[in-house]
Amino acid sequence: IFADDIGYEALNCYGGQDFETPNLNRMAGQGLRFSRAYTSPVCTPSRVSLHTGLYVNRHGHDTVLSVHDGTKQKVDFKKMPTFSQQIRANGYRTSLSGKWQLATLQYHPNHIRDAGFDSWCAWQIWRDGGKTDRHWNPTFNQDGKIREDIADRFGPDVLVDYVIEQMRVAKAAGKPFLIVHNEMLPHWPIVETPDDRKLKRKPSLPHFIHYMDKLVGRLLDEVDALGIRENTYVVFMGDNGTWEPDFQNPKAGQPGEGEHTRHTAAGKVNGGKNQLNDGGSHVPLLVWGPSSVPAGKVCDELVDVVDLFPTFCELTGTEISSSI
């Protein structure tokens, strides 16, 4: 689960005091929490590093790929191998959901398959000359076709339904699976969640983060319900820090505090997405699943998003070619 724009300080299990994350806290309490996990401070560099295991200075994508403007550029995963390509070749069913900002699907319709995924339900950011929506009335491309049955639905709900269906199909087929779920919350624009509409309240970043946490809970519950937890690892990570302008802190105005300051048990957090500081690049990383995962433990080793490539290959018994 690769969440969009969430720093470590947003989670209670990291000492965060401004948001409610009970299901992520459950992941940490029943699994392993990494206290010093880092990414690039903006999405495209982090996401390319995730898939390729390469640092930014090696893969060369050091800014946002302008898919929202309909660029014909793409990240070339034929030249830069991905962990999903390796794991797919090892017999795993592979699928992907959510944000795919690494190519304009209208111009590169097979890009997700080329990256190593057999199936996908992804936000098609650009369509017919304009940027599309991701939350309400979302434009989702599923296996090469635009879904026409989700106009009245909240996009993140649709994606979790897709992930659950992929798990169920894989279990029924008796096949191991890899799913990369690119959770689109809590990235702006901050709009009403289904809970906001039900409770008739104004949208906010805290509501976004709490709803994202609910969706994480749905996925954990489904792993348990399917009886596959003992051989299924669930990883949660942010792609970069929290975007400051989204957060109007109710504690602002106190001495020494700005309106975008976040609070943790260890002190205040300033900075965020787009900034080369701790607030921009320090992200949550949690691992949950089999009993072999040490419950409630904290790893203080320095970890970077590039470390996931070899880790995923090791966990799936996938040999990494010496050419990579």
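A. Looking closely at empty space enclosed by the protein. Overall, the coordinates contain one cavity of 30 Å³ or more when judged by the stated rule. Taken as a whole, the largest cavity holds about 30 Å³ of empty space. As for the largest cavity, its lining consists of Lys74, Val75, Asp76, Phe77, Lys78, His111 and Asp114. Residues that form the lining of the largest cavity fall into these classes: two nonpolar, one polar and four charged.

B. Layout of the environment of Ala89. With respect to the helices and strands, Ala89 occurs in helix H4 (residues 83–89). On the basis of relative accessible area, Ala89 is assigned to the exposed category, the value being 71%. Separated by 27 residues in the primary sequence, Ala89 and Gly116 place their C-alpha atoms 8.8 Å from one another.

C. Layout of the packing of helix H1 (residues 22–30) against helix H8 (residues 205–225). Two numbers describe how H1 lies on H8: the axes approach to 7 Å, and their chain directions differ by 50 degrees. Between H1 and H8, the angle is such that the two are oblique. Taking contact as the criterion, the partners of Pro22, Asn23, Leu24, Arg26 and Met27 in H1 are, on H8, His210, Met212, Asp213, Lys214, Val216, Gly217, Leu220 and Asp221. Residue composition of the contact of H1 with H8, by class: six nonpolar, three polar and four charged.

D. The pairing of strand S10 (residues 234–238), seen in detail. Counting buried residues along S10, five of its five residues qualify, which places the element largely inside the surrounding structure. By the bridge criterion, two bridges tie strand S1 (residues 2–3) to S10 in an arrangement that is parallel. Paired with Phe2 across the bridge in S10 is Met237. The pairing of S10 with strand S14 (residues 285–288) spans four bridges and is classified as antiparallel. Of the residues in S14, the one forming a bridge with Phe236 is Leu286.

E. Representation of helix H6 (residues 155–173) in the model. Across its 19 residues, H6 extends 27 Å between first and last C-alpha, which sits within 8% of the 27 Å expected from 1.5 Å per residue. Burial in H6 covers these residues: Gly155, Pro156, Asp157, Val158, Leu159, Val160, Tyr162, Val163, Ile164, Gln166, Met167 and Ala170. The elements touched by buried residues of H6 are strand S3 (93–99), strand S4 (119–123), strand S7 (140–142), strand S9 (177–182), helix H7 (194–199) and H8.

F. The arrangement of the environment of Asp128 in detail. With respect to the element layout, Asp128 can be found in the loop between strand S5 (126–127) and strand S6 (130–131). On the basis of relative accessible area, Asp128 is assigned to the exposed category, the value being 63%. With 134 residues separating them along the chain, Asp128 and Arg262 place their C-alpha atoms 39 Å apart.

G. Up close: the packing of aromatic side chains. Inspection of the entire model under this criterion finds eight aromatic pairs. Seen in terms of ring centroids, Phe83 and Phe309 are 6.1 Å apart; in terms of plane orientation they differ by 80 degrees. Their pairing is edge-to-face. Of the two residues, Phe83 is situated in helix H4 and Phe309 in helix H10 (residues 308–315); the sequence distance between them amounts to 226 residues. Each member of the pair, Phe83 as well as Phe309, is classed as buried. The rings of Phe77, Trp100 and Phe117 are connected pair by pair, giving a single aromatic cluster. When the ring centre of Tyr107 is taken as origin, the NZ or CZ atom of Lys72, which lies over that ring, is 5.0 Å away.

Rules and cut-offs
Residues numbered from 1 in each chain as written. Predicted model: local features only at pLDDT ≥ 70, side-chain atom pairs only at ≥ 80, totals over all residues. Heavy atoms only, no water. 1 Å grid on protein atoms, 1.4 Å probe; cavity = no way out; pocket = protein on both sides within 12 Å on 5 of 7 lines; lining within 4 Å. Points joined across faces, edges and corners; volume = space filled by probe spheres on them. Nonpolar A, V, L, I, M, F, W, Y, C, P; charged D, E, K, R; others polar. Helix = DSSP H or I, 4+ residues; strand = E, 2+ residues; numbered from the N terminus. Buried < 20%, exposed > 50% of the residue type's maximum accessible area, 1.4 Å probe, protein only. Axes fitted to C-alpha atoms, helices over the stretch in contact; angles between N-to-C directions. Parallel < 35°, antiparallel > 145°, perpendicular 65-115°, else oblique. Contact = heavy atoms within 4.5 Å. Pairing = 2+ DSSP bridges. Expected span 1.5 Å × (residues − 1). Phe/Tyr/Trp six-rings, centres within 6.5 Å; stacked < 30°, edge-to-face > 60°. Lys NZ or Arg CZ within 6 Å of the ring centre and 35° of its normal.

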